[in-house]
Structures are given as structure tokens and as C-alpha cells.
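Chain and residue survey
In case you want the letters, here they are:
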4 protein chains.
Amino acid sequence: MKRIAVFTSGGDAPGMNAAIRAVVRSGVAHGLEVIGIRSGYQGMIEGDFVPMGPRDVANTLQRGGTILLTARSKEFMTPEGRAKAAENLKEAGIDGVIAIGGNGTYAGAAKLQAEHHIPVVGAPGTIDNDLYGTDYTIGFDTAVNTALDAIDRIRDTAASHSRVFFIEVMGRHAGFIALEVGIAGGAEVVVIPEIPTDAQACAEVINKSAEKGKRSSIVVVAEGGYEGGAEQLARDVRQYSGFEGRVTVLGHIQRGGSPTAKDRVLASRLGAACVEALLSGASGVAIGEVNDEIRLTPFKEAIEKRKDINHKKYELARVLAL
Amino acid sequence: MKRIAVFTSGGDAPGMNAAIRAVVRSGVAHGLEVIGIRSGYQGMIEGDFVPMGPRDVANTLQRGGTILLTARSKEFMTPEGRAKAAENLKEAGIDGVIAIGGNGTYAGAAKLQAEHHIPVVGAPGTIDNDLYGTDYTIGFDTAVNTALDAIDRIRDTAASHSRVFFIEVMGRHAGFIALEVGIAGGAEVVVIPEIPTDAQACAEVINKSAEKGKRSSIVVVAEGGYEGGAEQLARDVRQYSGFEGRVTVLGHIQRGGSPTAKDRVLASRLGAACVEALLSGASGVAIGEVNDEIRLTPFKEAIEKRKDINHKKYELARVLAL
Amino acid sequence: MKRIAVFTSGGDAPGMNAAIRAVVRSGVAHGLEVIGIRSGYQGMIEGDFVPMGPRDVANTLQRGGTILLTARSKEFMTPEGRAKAAENLKEAGIDGVIAIGGNGTYAGAAKLQAEHHIPVVGAPGTIDNDLYGTDYTIGFDTAVNTALDAIDRIRDTAASHSRVFFIEVMGRHAGFIALEVGIAGGAEVVVIPEIPTDAQACAEVINKSAEKGKRSSIVVVAEGGYEGGAEQLARDVRQYSGFEGRVTVLGHIQRGGSPTAKDRVLASRLGAACVEALLSGASGVAIGEVNDEIRLTPFKEAIEKRKDINHKKYELARVLAL
Amino acid sequence: MKRIAVFTSGGDAPGMNAAIRAVVRSGVAHGLEVIGIRSGYQGMIEGDFVPMGPRDVANTLQRGGTILLTARSKEFMTPEGRAKAAENLKEAGIDGVIAIGGNGTYAGAAKLQAEHHIPVVGAPGTIDNDLYGTDYTIGFDTAVNTALDAIDRIRDTAASHSRVFFIEVMGRHAGFIALEVGIAGGAEVVVIPEIPTDAQACAEVINKSAEKGKRSSIVVVAEGGYEGGAEQLARDVRQYSGFEGRVTVLGHIQRGGSPTAKDRVLASRLGAACVEALLSGASGVAIGEVNDEIRLTPFKEAIEKRKDINHKKYELARVLAL
């Protein structure tokens, strides 16, 4: 193996640059040439390749977003698109590819590897933490802290006005972000896709909180946690509660910002581990960190298996809202 | 003058606690007793009074929200409500009142003073900066920096994906927050109530930005800047632009958080100046800071006159988006 | 078991309040009364006890420091002091004690339990992460992120001026903080107690970095990592390097601040687990989290065994500084 | 005027990049070519010039440090050095120069203009705020907020341990930073060069604070505020006070970081105003902002006159520490 390529795909996540940097520097340390593919699979099809040396990733460790850009590619969804991409990779003499992204990125990588026999490994780059085969994904810790900062701010207003706030956080089909910020932000209720919540039960908790002397309540709602989102939940709860609810959808601020220490370290480890995995002959696998050890998981498994939330943590959130 | 009271009213703003602390400590330094009225005008009607000494405001300087709470009061809108409030004040031996809040707070204070001859002075506590008689209001600088942090985060994603973002910030009927964060955040377009913007012109700027090689554009929209808000503007712009726009409404996160240095210093000065104004016999005036000097403005003027944005700054925003 | 007590001791750490809150609320949820002991072992001797209910810990989750205060106690070092403390506990009807702190706190707790047969469990509250029996200590993640923020700031200046900065971080006799911020901050050299570094080798890395085109270098020094600290290392390096080094000792800013999400969640879990451990009859043990599971470790082991740094991470730091 | 140059010199300050960006974009908007000079006066002597267009300053608004770098130049102190610099400027066809920096930068600019008749204007880029002719310098607001964040963190520990902290902040020969963070951080004592403080008086305030029930005290010391700095003051105070003082020297963290909204807006305005001043024929002047208006001050005056602190603010700090 002489030359490898790296790209980012799907939604951007804080720490992607740290992973790219680790791939480049650790690749070069192992005597490899490293090529950056810009704009994900679309750039692979268009041959948007750029050689990367250690200095090209200087001063990127602390930056949000991805210096390699990311994009959706409809063309890559077709066999023709993937054939074109594979041809470009082979023409450029690329012996192995590192894909940083989420579930969709892994699915594309699996196809590229299966159809064109190009060695591909993946690193989990998504704020949602919804990938099997790793305890945490790159960007999750930063997104949680960004959402938490927002909740801390909103609590100032909630407490000053005796109000109930419904705060919708990201997470796609999973409640990881919501559960973590729910505990860390002292939410009275946490609404996640994994555990159905009905509006009446939610209203009861809020009403009881008021009886216990709490001046305000915070309800954290995962984006897939309630049909119609936080807006609808607030409307439904109003029927059972005297409180006027305010709704805030945190949205895209959760994707950006300088990565936390944890995300930078995780991304650095996983980026370097991807290089080592390729060098050791691995392919078709996602690289993760489980119990502080590097773990390889076949793409198929990483895509199909579902990582469950920690139900003890959900119970903890409930008890601590006492 | 022996005993004064202080309260906060209207939307909460970072720095209100710093102002309360300054009233209490500077009042006590002048030999006065200070009473805190909880929950604004409603608490005045209900007699929710609490004596405050220097230690009661310890460790509050850095807190968002307001330790005296704030609330809407329909009852105070009526002459009967105000009479009840005045009676409570007189019964409690209160010789002067300091009202911290926005336009509505000033209007209430003006009536209380006019109808019941209680000396009242006001301090501008609102994130919107839309009060005449002061260069800046307490909370504005913090809200601007909070919104700016959000825009910096969103730009990470915008730049990684080649996207146009429409970001709605607070400001009520004024564009102060939007203009400030527009310049500071490097927005391509700033949409404020003071200067009508049409969707086609906005789209043209975005299209030209793309032609100039910009990968992304940020449009900052003041909450009163466009009929239907940022959501509607994004829809309207889509007709004239190839770009897919994303919308983020920053909402209540702008009200909270630990106040910036500037807001703490401003609040401290104005709180102390309110005490001095009352002691010097002033009444029916709002206390502000203009060109680094304390300025007294009659409530009527403060309520009716409109502070305009700095049109050179608006022009600057346009030029710097080059 | 009907009544338990909780206290904090040793250096304060962000998240201690989250742990106290979890003890109180989870204790009450289990039908216990909870007593707070102020100022650590000294307060235990002086009988400075205060009953705590769920509302008493409201709004503390996000606060740095410890609401129960902490102090050194020479008296508790003596058998007489401990006897007095034990007597106070028994008189107050306390059936179990939860001690939050570091190594010294555990040592005191072990003696109290051994000499006076009072059930005691401990939770790891220290920014240094130097406690055996837990992957992370409460406060470590926050301290790392605070130090990282400082390093990010200093890098701005280092890069603008072509300078070498020596930054000393906390950690007592361990390099956990230094290693984590070294990787996350992109340090050229990380100097920790676990692995001896000589000034000449350090200078060589800096010189080579300059040859590779790096405009600046950052050397992160753990407080116990070099005889004489960062100041001495900078002086020694100067002999072998043309660069003028600047030194910054981060100091006490690393102890404070609002805890990160990770620290709040960890503290919440461990606080609740302490209550459950006491209820299940455990005593003389430290409660930790290992591989996301609660782990009980006898005090003796927790005090005597040494948790080593991850040597692969140290190697990673070296490679990524390429 | 067809071609202008811009450079940064002296200590770096947050917002310098915003000023460079404003010079470039506003210059181009006025039909000028803009040349960046790297590494200040040293780069001027070495002819380290680089043409800058609007895209070259993209994504720099939010970055600390200076993309044009800064350096000390002994050679420029000599007439020969300055002659060489002037020759380079003329050879490159530069019709006007914009110097961003502090007092030393202005002094160099004044000589360059006087000796070689090259139009030069200056913008105040320094965190210390010690320049006459402007209310605030670029970087001051950011430095104040960075120092304030540090003080907020330290207060957590101070309050938890009943300790006195002496915190040394930057400011060169002026107390602007110290005074601002002293008020904003609720310091018990503020020690600045403009007003001599003796250790005994300082100790008395601390002792009285303890008597009043304050658990901790913060003393903010400007770097030039006490002979021997915060360390010496702490030692001297110990003689008159029972408290054990801890010292933290904030150091270089105050120079870096993403600029605040205020610094970005100020830098943007001043950068654009520099271009307009050159175009209007101005030379040998520093551009500042006084009472929200652009003000031109001859270099000689800007260098020689001293801007005093606001003594009412100093008095306010004293009263609010009650």
C-alpha cells in the first residue's frame, strides 16, 4: 500500500478535521501518500482529488466543519456513478480509502468495496451517536455540550418567568443527544424515540414539578421523539397543564463549533486507527472505540445493528428531576 | 429618602442581576434601606417585598436572568391595580422606586409616578437596545455575542456544505441585534425593519456571492425585518436563487447566559446612577449612558422617541460582504 | 438505613455540585434523609451539618465549585479529631456517609470507617484523574477543556509571532490532563511525570518542527512532569534551541467553571450509585465508572494502586505532531 | 491613489484580522489594489509583500491572532532600515500604508512618513486600550472578557475554599483591563498603575470583607499596578492579613481567542475608515472611534498624550465591593 485517500460525507460534525489530520499525519508517518477527496462521493465521481501533506492540515484541529467539504451525491447511488468513482480512484493509484461519516457513508463505502474491490474502512463522523460498533461518534460530545450551553441559557429565562420550555435537539432516529443533555441540563422530562412518551404523562410531571415548588420546567425532545416534534408536544401538553409552554428548536448550531477535547482525541485516535487498519489488510469495516479499545466492525453489521441507549441513564434522568 | 425599592419587569436580560446588585450595594453605601419587589408589577400589587442587603446579592453578578423574577401583570394595566401597588409601596414606607426593564416597564413606571406621585426612575434592561436615551441597553452586548457564537457555528456547516443559511435573531421592532451580528458575523445580507429588503434583491446578492467564489452565504434577519420572518424570506428567495436555504430561528437562547463584561459594567453603572438620581430628587426619568456619560431622559421622551440604527454601519455591512 | 450524610473534601472540582445533587435527590427518592456536612472533615468535627432536600440542590447542576465548601483539616489527621467527628455523626443519627474528593479524602474515609465502624463510600472528585478504580474522575473533562481553550488562545499568539510556548497544566503527580490536552491541542511535545523528558530531546523536536515549516511550537508540561516546572524546562531548552520560549502557568482557572456535559452526567451517575451502594450494605469502597459500568473498589486498593496513562495515546501525540 | 498596503505590528490582538479584512474589502470596493505586508516592519524591510483580494480574507473575521503575522524589528529602529523599507514600498508602487498596532507601531509609522513622505495612517490594535485618540482599541473587549471568564472560574474555587486570590491581568502601563474586569468580576480590590495602592490598605479591605461575611476575596492587579506584581502584593498583604493568598498570572491567554462582536465591529469600522482617510489625503494620523464617531489624531499626539482611566469607574468598583 502506497497511496490512500480520505473523504468526509453526510452531515458535517465537529472533529472531522481532527480525523482528517490524523489520517494525513499518521499516513505520512507510515510512509504513505495521502490524497484528499473533496465533497465526498460527488468529488470521488468528479475526480476532485488533492494531495495532502502534514502542513496542509496544520491549524485545523480546532476547526468545526470539514476542510474536505461534504455533499449529497445522487449519482453515487447508481452503479454507473460508483463505477466512475472507482475508476477515478484506480487511475489515481489509490490503494485504500478512508470514509468519515454516518450510516449513509458506510452504506456507500460497503458498495464501493463490494462492487469494485477497493479496500475501504470507515470512521464514525456524526453528531447523532447512532452508529453501532463504537461507544461514541466523532462530534457527539461537542453537539451535546453546545445543546447544553443553550439549555443553560434558556433556563435563566425559564426560571425568571416561571415558564415551561420545550427544547428540541438533534439526533435523527436516536435519543442519545437528548438523553445526555437531559441529564446534564437537569430536564424535568426527556422525550426520545426509544421510549414512547404521551403528552398527558408529560403534563403530569410538569404539574407535579410546580406543586413541588419548581418555578420552571425544561422538556428536552429528541427530533424523532414525538410525532410533530417539540411544537406539537407543547400544544398537546397545554391541554393537560396550566403552563404556557415556549418552544425552541436548536437546529444547526449543534453541528458546528470548535470540537471539545474528547471529540478531538477520539477523532485523532480513530483517524490513526483507520490508517493502521488499512495497512494491516482490513477492508469493509468501520473503526470504532469500545471501552477505550479500537474495535473493527463489518460495515454490514455497523449499518444494520442498532445501538440502544442506556436505559439506566433514562431512569437516572427521571429520578434526578425529583 | 430612607427606603427605596427595585424590581425587574418585561423580558429578562443578562445583566439585570448586576443592576440589582449595584442598586442594593450603592443604596446601602448611601445609607438607604433597599427592598426587592419580586415578579415585577404583579409582585408590587401582591406586596411580594423582600429586604435586600449587600450579602443577598453576592455571587449574582455573573448570573443570567433576574433573581427578582419578572412577570406580566394585566392587573397593573388598570387604575385599580396601580392604586393597589401604590398603596403597598406607601405602606412599606418606600420613598423611591427603581424599575429595570424595557418600554412597557417605563410606561408603567410613568403612570405610577404620574398617578400616585411616587418617585420612580428607570434603567434600560432589554436585549433589544430599542430604548431612546441610552447608547446601549443592559443585555444587548450579551445577546449579540450569543447570536454571534451561533452564527460562527452555523458558518462551519454552511461552508462545509455550500449552503445558504437564513438566521433569525431577536430585536422586536428594531434591527440593532441583527445589524451588529451581521457585521460581526460577516453576513452577506442583513435584513432589518428600518430598511425594507425585497426577496429578489436578497437573492441577487446571494447569487453574486456564489459567482465571486463564496461557497456559502449567511443572511441575518431581524425578527421584525421581513413579513413572515426568516422562514418566509427563505421561501421567497428560493424563487430567484438556485440555492437551497436552511433556516434557523435562534430564539430564547439569546436572552440567557452569563453577561459579558460590557453588560456587567453598564448595568453596574446604571444601577448606581439610579440610586444617585433618586437621591438628587429626580423622578419620572430613565437613566441611560450616552457617550460614556450618565444621561437622564423623561419617561415620555424615552417611550415615544425612536432611536435609529447607525446607517453607516448598515452600509459598512454591505461593503464588507464583498 | 434512614439518614445519610454527604460532604466534599480536598481541592474543588467542577461537577461536585452535580454529585451532591444526585446524592440528595436519589437519597430522597429512596426514602432517606440527607444531611450535608459543610467544609469537609473540618465541618464533621465542628458539627456543621445541614439537612438537604431536593429544592436545596436546585439550580446547582451547572455551578462550579462546591456548595458544601471544602477545607483542609489538620485535626482530622489525629485519632482524637476523628473520634470527635464520628461522635458527631452518631449523635446526628447518620447511618452512612458519602465522601466526594481525591486520594486524601479516601484515606480519611478509610480511617473513619476502620476506626469507628461508620459505613462510608467515596466518589472520585478531582480534576487530576489520578484515582484508581474509575476511568475518569469528576472534574477531569472540564479541566481538560478549560486548559484546551487556553491553549487554543495561546496558539493564536504563538502562530502570529513565531514563538515557542511552554504551558504548564495541573495534574499533581499524573500526566492525564497534560496528555489529553496535548493531543487535543496539537502540542509538539507533551511532558508528563510518567515518562521522563530531557530538555535536549525537547529542543530537538522544536528545532525539527521549525525546519518542517512550523511557525510555532507548543510544549505542554504537566505540573509534576519536569523538575522546576515549565519555567525551568523553558530555560533548559533555550540552551539547545534558537527559539525564545514563553511560559504560561494555567493555574487555578483549571479548577473552576461550569462542568461539561460529561462531568455532569458522570457526577450524577456516581452520586446516585453511592446512595445505592450504601443501601446495599457496601462500605469502605470507592465508587467509580469503568467501561461505562459502576465499579466498587476497596479504599485501600483505590489509594495504593496507581492508574497508568494510556501509553498508546502518548505515542499518538508524538506521531500527530508530525 | 491606486495601491495601498496594510500590516500588523507589535503584540497581536483579537480583531486584527477583522481590521485587515475591512481594509482589503473596502479598499477593493474603492477600486484600490491592496498589498499585505507580512511580519510588520521586518517584512517591510525584507519586501515580504503579498497581494490580497476579497477571497484571501474570507473566513478570517472570527480568527484570533493576525494572518499577516507580526514581529519585532531592530533594523527598522535605524534610519538605514527605514530607508530600505521605504524603498521597497516605492518599488512596489504603494501609494499609502495602513499600520495596525500600538504605540510602538505608531512611532515607526510616524518616522516612515516624516522621513520618506509616504502617506501612512494607523489603526489602534492592542489589547491594552492605552492609546490616545480612541475610546477603545481593537482587542480590548475580547481581552477583558477572556480575563473575566478566568476570574469567574477562579471565584468558584475561592468561594469553595475561603481563599483570597490575587489575579494579575495585562495592560502594560495602564489599568484599563484591570479596572474593567475588576468591576465586571466583582473584585474586592483593583490595583492599577494610575492610582497607587499600598499593601496595608489592601489587607484592610480583605479583612473587612471577611468580617462582613464574605467567604473569599478577589484582588485584580494590573501588570504595572504594583512593584513586583501580584506575587509581591500577595506576599506583602500576608503581613497584614490572616488569609492565605493564591496568585494567578493570566498571561498570554488574554491575547488570543475569537474576537467579541464589539471588537469585530470596531475593527471593521476602523479598517474601512483607514482606507477612506488615505483616499481623502490624510496622512500621519491615527484613526480612532470617539463617542461612536471616527476621529483622526496626529501620530505625535496619539503617542505623547495619555488617555486616563475613568476615575468614577474606579470609585464604582470600590462601592460595589461593599
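Just so it is clear, the model here is predicted, and its values are computed rather than measured.

This part covers the sheet that holds strand E5 (residues 120-124) of chain D. Residue and element names in this part refer to chain D. Read from one edge of the open sheet, seven strands run E3-E2-E1-E4-E5-E10-E11, paired in mixed fashion. The outermost strands of the open sheet, each flanked by one partner alone, are strand E3 (49-52) and strand E11 (293-298). Within the sheet, the average angular offset between the axes of one strand and its neighbour, ignoring direction, is 30°. Where E5 lies against strand E10 (residues 285-290), two bridges are found, and the strand directions are parallel. The residue of E10 that forms the bridge with Val 121 is Val 285. Packing against the sheet, helix H1 (residues 16-29) makes contact with strand E1 (3-8), strand E2 (33-37), E3 and strand E4 (96-101), and its axis sits at approximately 160° to E4. Packed onto the sheet, helix H4 (residues 103-116) meets E1, E4, E5 and E10 and runs at close to 175° relative to E5.

Another aspect to go through is the relation of the copies chain C and chain A. These two copies of the chain differ by a rotation about an axis and a displacement along the same axis. For these two chains of identical sequence, chain C goes onto chain A by a turn of 180° and a shift of 0.0 Å along the axis, with RMSD 0.0 Å. Such a turn and shift between the copies fits a two-fold axis. In terms of C-alpha distance to the rotation axis, chain C has Asn291(C) as its closest residue, with the C-alpha 2.5 Å off the axis. Comparing contact sets, 100% of the residues at the interface of chain C also lie at the interface in chain A, consistent with an isologous, same-surface contact.

So, on to empty space enclosed by the protein. The final tally for this structure, using the stated rule, is 10 cavities of 30 Å³ or more. Its boundaries defined by the atoms lining it, the largest cavity holds a volume of some 80 Å³. Taken together, Thr146(C), Asp149(C), Ala150(C), Arg153(C), Ile253(C), Thr146(D), Asp149(D), Ala150(D), Arg153(D) and Ile253(D) form the lining of the largest cavity. The set of elements that each furnish at least two residues to the lining of the largest cavity consists of helix H5 (140-161) of chain C together with helix H5 (140-161) of chain D. Grouping the amino acids of the lining of the largest cavity by side-chain chemistry returns four nonpolar, two polar and four charged.

As a general point, the strands of a sheet are linked pairwise by backbone hydrogen bonds and lie either parallel or antiparallel. All names here are of chain D. Strand order in the open sheet made by the four strands is E7-E8-E6-E9, with parallel pairing throughout. Sheet topology places strand E7 (189-191) and strand E9 (245-249) at the edges, where each strand pairs with a single neighbour. Ignoring strand direction, the axes of neighbouring strands in this sheet form an average angle of 20°. Where strand E6 (residues 164-169) meets strand E8 (residues 217-222), six bridges bridge the pair, whose relative direction is parallel. Residue Phe 165 lies in a different strand from E8, and its bridge partner there is Ile 218. Sitting on the sheet, helix H7 (residues 199-211) is in contact with E6, E7 and E8, with an inclination near 155° to E8.

Turning next to the UniProt feature "binding site: ATP" (unreviewed entry) in chain A. All names here are of chain A. As annotated in UniProt, the feature "binding site: ATP" (unreviewed entry) corresponds to Gly 11, Arg 72, Ser 73, Gly 102, Asn 103, Gly 104 and Thr 105 in the numbering used here. In this structure, Arg 72 sits in the loop between strand E3 (49-52) and helix H3 (79-91). Classification of Arg 72 by relative accessible area gives exposed; the value is 68%. You can see Gly 104 is positioned in helix H4 (residues 103-116).

Taken together, the 45 residues of chain C in the interface contact 45 residues of chain A. Counting the surface lost from both chain C and chain A, the interface buries some 3500 Å², and carbon and sulfur atoms represent 59% of this. Among the residues chain C hides against chain A, the three largest losses belong to Arg55(C), Leu320(C) and Leu322(C). Together they make up 18% of the total. Seen at the junction of chain C and chain A, the total is two salt bridges. A salt bridge links Arg264(C) to Asp152(A); the nearest nitrogen and oxygen atoms lie 2.7 Å apart. Where chain C touches chain A, the interface holds 14 residue pairs in polar contact (both at pLDDT 80 or more). Contributions of two or more residues to the side of chain C that touches chain A are made by helix H1 (16-29), H5, helix H6 (176-184), helix H9 (261-279) and helix H11 (311-320) of chain C.

Turning to the environment of Lys111(D), a few remarks are in order. Tracing the chain through its elements places Lys111(D) in helix H4. Filtering out sequence-adjacent residues up to four positions away, Lys111(D) remains in contact with Arg82(D) and His116(D).

All names here are of chain C. Buried residues dominate strand E5 (residues 120-124), accounting for five of its five residues. On E5, burial covers both faces: Val 120, Gly 122 and Pro 124 on one face and Val 121 and Ala 123 on the other are all buried. Bridge count between strand E4 (residues 96-101) and E5: five bridges; the pairing is parallel. Among the inter-strand pairings, Ile 98 is bridged to a residue of E5, identified as Val 121.

Bringing unusual backbone geometry into the picture now. Within the chain, Asn59(A) stands out as a residue other than glycine whose phi angle is a positive 65°. Here Asn59(A) shows up in the loop between E3 and H3. Looking at Asn59(A), the relative accessible area reads 44%, which means it is partly exposed. Despite not being glycine, Leu69(C) has its phi angle at roughly 65°, a positive value. Inspection of the secondary structure assignment puts Leu69(C) in the loop between strand E3 (49-52) and helix H3 (79-91). Judged by its relative accessible area of 7%, Leu69(C) falls in the buried class.

Residues and elements named next belong to chain A. We note that the domain assignment places domain 1 (3-139 + 259-304) and domain 2 (142-256) within chain A. When each unit is reduced to the centre of its C-alpha atoms, the spacing between domain 1 and domain 2 is 34 Å. Overall, the association of domain 1 and domain 2 removes approximately 1100 Å² of surface from exposure, summing both partners, and the carbon and sulfur fraction of that is 51%. Of all residues in domain 1, Ile 127, Asp 128 and Asp 130 bury the most surface against domain 2, accounting for 47% of the area lost on that side. At the boundary of domain 1 and domain 2, one finds one salt bridge. Counting every contact that joins domain 1 to domain 2 gives seven residue pairs in polar contact (both at pLDDT 80 or more). Taken together, the residues that form the side of domain 1 that touches domain 2 break down as four nonpolar, five polar and four charged.

What counts, and where the lines are drawn
- Residues numbered from 1 in each chain as written.
- Chains lettered and ligands numbered in written order.
- Predicted model: local features only at pLDDT ≥ 70, side-chain atom pairs only at ≥ 80, totals over all residues.
- Heavy atoms only, no water.
- Pairing = 2+ DSSP bridges.
- Helix = DSSP H or I, 4+ residues; strand = E, 2+ residues; numbered from the N terminus.
- Axes fitted to C-alpha atoms, helices over the stretch in contact; angles between N-to-C directions.
- Contact = heavy atoms within 4.5 Å.
- Least-squares fit on C-alpha atoms with pLDDT ≥ 70 in both.
- 1 Å grid on protein atoms, 1.4 Å probe; cavity = no way out; pocket = protein on both sides within 12 Å on 5 of 7 lines; lining within 4 Å.
- Points joined across faces, edges and corners; volume = space filled by probe spheres on them.
- Nonpolar A, V, L, I, M, F, W, Y, C, P; charged D, E, K, R; others polar.
- UniProt positions renumbered as here; feature names shortened; annotations may be inferred.
- Buried < 20%, exposed > 50% of the residue type's maximum accessible area, 1.4 Å probe, protein only.
- Buried area = accessible area lost by both parts, 1.4 Å probe.
- Salt bridge = Lys/Arg side-chain N within 4 Å of Asp/Glu carboxyl O.
- Polar contact = N/O pair within 3.5 Å; in protein donor to acceptor, adjacent residues only side chain to side chain.
- Domains from an automatic or database assignment.

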